[in-house]
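Each chain, written out:
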Amino acid sequence: MQSIKTKVAIIGAGPSGLLLGQLLANHGIDNVIIERVSGDYVLGRIRAGILEQGLVDLLREAGVSKRMDEEGHIHDGFAISYYGKSYRIDLNQLTDGKSVMCYGQTEVTRDLMDARADKGLSTYYSSKNVVLQDIETAHPSVKFEHDGVSYCLECDFIAGCDGFHGVSRKSIPEEKRQEFERVYPFGWLGILSDTPPVADELIYCKTEQGFALASMRSSTRSRYYLQVPLTDKVEDWSDQRFWNELKNRLPSESADTLVTGPSIEKSIAPLRSFVCEPMQLGRLFLVGDSAHIVPPTGAKGLNLAASDVAILYGLLRKEYNGEEQNATQRYSELALTRVWQAERFSWWMSNMLHDFKDDAGEANNMDQKTFERFMKSELDFYLSHEEGQKVIATQYVGLPYPQI
Ligand code: FAS
Ligand code: PHB
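Here is a short report on the structure shown in this document. (Residues numbered from 1 in each chain as written. Chains lettered and ligands numbered in written order. Predicted model: local features only at pLDDT ≥ 70, side-chain atom pairs only at ≥ 80, totals over all residues. Heavy atoms only, no water.)

Some remarks on the state of the cysteines
Stated precisely, the cut-off is as follows: Note that a disulfide, as used here, is simply two cysteine sulfur atoms within 2.5 Å.
Applying the stated criterion across every chain yields a total of zero disulfides. Note on cysteine 152: no disulfide assigned, nearest cysteine sulfur contributed by cysteine 155 at a separation of 8.6 Å. Residue cysteine 276 stays outside any disulfide, its sulfur separated by 14 Å from that of cysteine 161, the closest cysteine.

What follows is the structure, given as structure tokens:
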């Protein structure tokens, strides 16, 4: 067993782990990342596409924003198409000038990986049998295997950035954590294609046939989603079937101009709302998807991971600078307020924009068609009043990060 030491052990080299590692290293706080899969495998996952200003600012602070600023697209608004009638949510006008950045999570991750490699920081990809030890003591450690060698990484703190299926949350004994969950009775079938986006801004569509989203990665690469039953499999959906159904759900002026082409990625993601409380135990902190999951309807998943990183980074700095003893013990309480705000917004947007009338599951103890009518009226109210649109816009651009 080889013994190695660092200040902060980071489990997971997704956006949470890489961003935290970069910020800490820039501040002279040594850290090591342990990742279960290869870097290429991490980059192969197609996920988020919209960055809140908070995440944009963090990437700039981390010195990892050059390509984002060159290739990303600022979006001042987005559309909600409600049974074919389009409403533009003017983010700029409704939030005193705020906007969002359209730049894929894959690119954010690639930029962070390159920056970490440039700094020569330690990242153990393709690691096995990762075990967290002594998390409730002042000397936690992480056991893992890499390239056939067994290691024990001694550290001051462990940041569990290992996603929903990681080891960190499960390292908190069940009796010391509470889990809150809502699993949605449908999934999102996503397609990536090297075709020009159907519109300059995102279009969220609520239709009789179900939800659809028209998004993008660049002026030549599009990302589209369709609500599909949980029983559907990717192989049930040829590209042609996808494009035909997307045209059924897009507003007519977009359906008429949609440019189709071969999919370069196609997958179905289940939707869930999930929160683990607390987000820490002793010197283990749960960050990003290891602590919470949101349905992607509100574009909050990656952005919520970013605010967790900002909070933990700020508290670790205070503790290492000697500004506040045990500052990190405030992490969970500070993070959870914003987590629940994003969870509620994502749940609310999912309820309003998806079609529930045929789903077998019970929602709010009423039959689905009644629930569907309530949600249809809710969305109609918020779209047809500027105050209502302001409620949507204020949360879509991202609520403020807590003061550390
Ligand atoms: P991640 O899951 O990205 O990263 C965790 C890392 O930990 C992974 O690399 C994993 O391999 C590693 N790991 C796991 N177990 C480990 C172990 N035992 N030891 C070491 N490493 C381990 N968000 C949006 O905003 N918009 C979207 O459209 C969107 N679409 C999504 C689609 C899918 C299919 C999924 C799953 C998520 C989607 N999300 C979306 C949410 C997503 O972007 C997450 O919020 C984001 O990846 C969170 O980043 P991390 O917290 O770093 O977790
Ligand atoms: C995406 O581009 O992948 C995307 C954008 C906004 C969402 C969800 C996904 O709400």
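Quick notes on the sheet that holds strand 11 (residues 141-146)
For the record, the criterion: Two strands pair under a simple rule: DSSP has to find at least two bridges between them. In DSSP terms, a helix is any run of H or I states spanning at least four residues, a strand is any run of E spanning at least two, and both are numbered starting from the N terminus. Here an angle of 0 to 180 degrees is reported between the N-to-C directions of two axes, which are lines fitted to C-alpha atoms, with helices fitted over the stretch in contact.
Taking strand neighbours across the sheet as the criterion, the four strands line up as 1-12-11-10 in an open arrangement whose pairing is mixed. The open sheet has two free edges, formed respectively by strand 1 (2-5) and strand 10 (128-133), since each of these has just one partner strand. Strand-to-strand twist in this sheet, taken as the mean axis angle between neighbours without regard to direction, amounts to 20 degrees.

Some remarks on the environment of threonine 328
Spelled out, the test is: Throughout, a contact is declared for two residues whenever any of their heavy atoms are within 4.5 Å.
Secondary-structure assignment places threonine 328 in the loop between helix 9 (301-320) and helix 10 (331-353). C-alpha separation for the pair threonine 328 and methionine 101, spaced 227 residues apart in sequence, amounts to 30 Å. Contact partners of threonine 328, with chain neighbours within four places excluded, come to Phe157, Gln280, Phe285, Leu315, Leu316 and Glu319.

With respect to the site of ligand 1
Let me state the cut-off plainly: Nearness here has a simple test: a residue counts as near a molecule or strand if at least one of its heavy atoms is within 4 Å of that partner. Counted as a polar contact is a pair of N or O atoms within 3.5 Å, where, for protein atoms, one must be capable of donating a hydrogen and the other of accepting one, and residues adjacent in sequence contribute only when both atoms are in side chains. For accessible areas, the Shrake-Rupley method is used with a probe of radius 1.4 Å. Any residue's cover is judged against the shown protein chains and nothing else. For this scheme, ten residues count as nonpolar: Ala, Val, Leu, Ile, Met, Phe, Trp, Tyr, Cys and Pro. Four count as charged, namely Asp, Glu, Lys and Arg, and the remainder, Gly too, count as polar.
The environment of ligand 1 is formed by 29 residues, the closest being Ser16, Glu35, Arg45, Arg47 and Gln105. Leucine 302 places a main-chain nitrogen or oxygen 3.2 Å from an oxygen atom of ligand 1. In the complex, the protein chains occlude 86% of the 1000 Å² of accessible area that ligand 1 would expose alone. For the shell around ligand 1, the secondary structure elements donating two or more residues are helix 1 (15-26) and helix 9. Considering only residue class, the shell around ligand 1 consists of 14 nonpolar, eight polar and seven charged.

Remarks on unusual backbone geometry
Rules: Exposed residues in this analysis have more than 50% of their type's maximum accessible area, buried residues have under 20%, and partly exposed residues fall in between, with area computed by a 1.4 Å probe over protein chains only.
Following glutamate 277, the chain continues into proline 278 via a peptide bond in cis, with omega recorded as -10 degrees. The backbone of tyrosine 83 sits at a positive phi, close to 50 degrees, despite the residue not being glycine. The residue tyrosine 83 is located in the loop between strand 6 (77-82) and strand 7 (85-90) in this model. On the basis of relative accessibility, which here comes to 26%, the residue tyrosine 83 falls in the partly exposed class. A positive phi angle is found at aspartate 147, which is not glycine, with a value near 50 degrees. On the secondary structure map, aspartate 147 appears in the loop between strand 11 and strand 12 (149-154). Among the residues examined, aspartate 147 registers a relative accessible area of 69% and is labelled exposed.

Quick notes on the packing of helix 1 against helix 3 (residues 53-61)
Rules: Relative orientations are named as follows: roughly parallel for angles under 35 degrees, roughly antiparallel for angles over 145 degrees, roughly perpendicular for angles from 65 to 115 degrees, and oblique for any other angle. Two helices that cross are described as forming a left-handed crossing if the nearer one is turned anticlockwise from the farther one by less than a right angle, and a right-handed crossing if clockwise.
Direction vectors running N to C along helix 1 and helix 3 enclose 45 degrees, while the axes themselves pass 10 Å from each other. The pairing of helix 1 with helix 3 is recorded here as oblique in orientation. Viewed along their axes, helix 1 and helix 3 form a crossing whose handedness is left-handed. Seen from helix 1, the contacting residues are Leu19, Leu23 and Asn26; seen from helix 3, they are Leu55, Leu58, Leu59 and Glu61.

So, the pairing of strand 14 (residues 178-193)
Both strand 14 and strand 18 (residues 263-277) contribute to a ladder of 13 bridges, which runs antiparallel. Counted as the bridge partner of glycine 187 is proline 270 from strand 18.

Things to note about the pattern of salt bridges
Selection rule: Salt-bridge detection follows one rule: a side-chain nitrogen of Lys or Arg within 4 Å of a carboxyl oxygen of Asp or Glu.
Applying the stated criterion across every chain, the model contains 22 salt bridges. Residue glutamate 52 is joined to lysine 300 by a salt bridge in which the shortest nitrogen-to-oxygen separation is 2.6 Å. Residue glutamate 52 is located in the loop between strand 4 (50-51) and helix 3, and its partner lysine 300 is located in the loop between strand 21 (292-293) and helix 9; the two are separated by 248 residues in the primary sequence. Glutamate 52 sits in the buried class, given a relative accessible area of 2%. In this structure, arginine 67 and glutamate 107 form a salt bridge, with 2.8 Å as the shortest nitrogen-oxygen distance. Here arginine 67 is found in helix 4 (residues 66-71), whereas its partner glutamate 107 is found in helix 6 (residues 105-118), with 40 residues between them in sequence. Glutamate 107 sits in the partly exposed class, given a relative accessible area of 22%. Salt bridges here are not isolated pairs; linked through shared partners, they connect Arg67, Glu71, Glu107, Arg110 and Asp111.

Examining the site of ligand 2
With respect to spatial proximity, 14 residues lie near ligand 2, and among them Tyr204, Ser215, Arg217, Tyr225 and Pro296 are the closest. Between ligand 2 and the protein, one listed contact pairs an oxygen atom with a backbone N or O atom of arginine 47 at 3.2 Å. Burial of ligand 2 by the surrounding chains reaches 97%, relative to a free accessible area of 280 Å². Looking at the shell around ligand 2, the elements that each hand over two or more residues are strand 16 (210-216) and strand 17 (222-229). Broken down by class, the residue content of the shell around ligand 2 amounts to eight nonpolar, three polar and three charged.

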